Amino acid sequence: MTYRGHVKGGVVVFDSPTPLPEGMAVLISEVEPPLDIEGQPIDPAFLIGDLAVDTGIPDLGRNIDHYLYGHPKVDDEQ
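Residues numbered from 1 in each chain as written. Predicted model: local features only at pLDDT ≥ 70, side-chain atom pairs only at ≥ 80, totals over all residues. Heavy atoms only, no water.

1. Notes on the pattern of salt bridges
Working definition: two side chains of opposite charge can pair if their charged atoms are close together.
Then comes step 1: This model, assessed by the stated rule, comprises one salt bridge.
Then comes step 2: In this structure, the salt-bridge partner of D59 is K73, at a minimum N-O distance of 3.7 Å. Pair noted here: D59 is in the loop between β2 (11-14) and α1 (64-69) and K73 is in the segment after α1, with a separation of 14 residues, a long-range link.
Then comes step 3: Given the relative accessible area of 13%, D59 is considered buried.
Then comes step 4: Residue classification places K73 among the partly exposed positions, given a relative accessible area of 46%. (Salt bridge = Lys/Arg side-chain N within 4 Å of Asp/Glu carboxyl O. Helix = DSSP H or I, 4+ residues; strand = E, 2+ residues; numbered from the N terminus. Buried < 20%, exposed > 50% of the residue type's maximum accessible area, 1.4 Å probe, protein only.)

Structural data, given as structure tokens:
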């Protein structure tokens, strides 16, 4: 499993909560930020697609209000 984080005050801080047990051995690797063709760092918002996951909900985009707020589902025909 790979977890993302950053160094703050000499300590590695994970970007999101991690289920690692106390005392678990870990291996830390330095990663370079992605660069564009001119060698400039890429805006992190450009990489938002890397965070996408398959939810298994085929109509999630069409019925997001239903899943988030309980609104009636939208028909396929609309």
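2. A closer look at the side chain of D59
Then comes step 1: Within polar-contact distance, the side chain of D59 engages the side chain of N63 at 2.7 Å.
Then comes step 2: Ignoring sequence-local partners within four residues, the contact set of D59 consists of Y67 and K73. (Polar contact = N/O pair within 3.5 Å; in protein donor to acceptor, adjacent residues only side chain to side chain. Contact = heavy atoms within 4.5 Å.)

3. Overview of the confidence of the model for the protein chain
Then comes step 1: When pLDDT is averaged across the protein chain, the result is 87; 96% of the residues are at 70 or more.
Then comes step 2: Highest mean pLDDT in the protein chain belongs to α1 (95); lowest belongs to strand β1 (residues 5-8) (88). (pLDDT = per-residue confidence, 0-100.)

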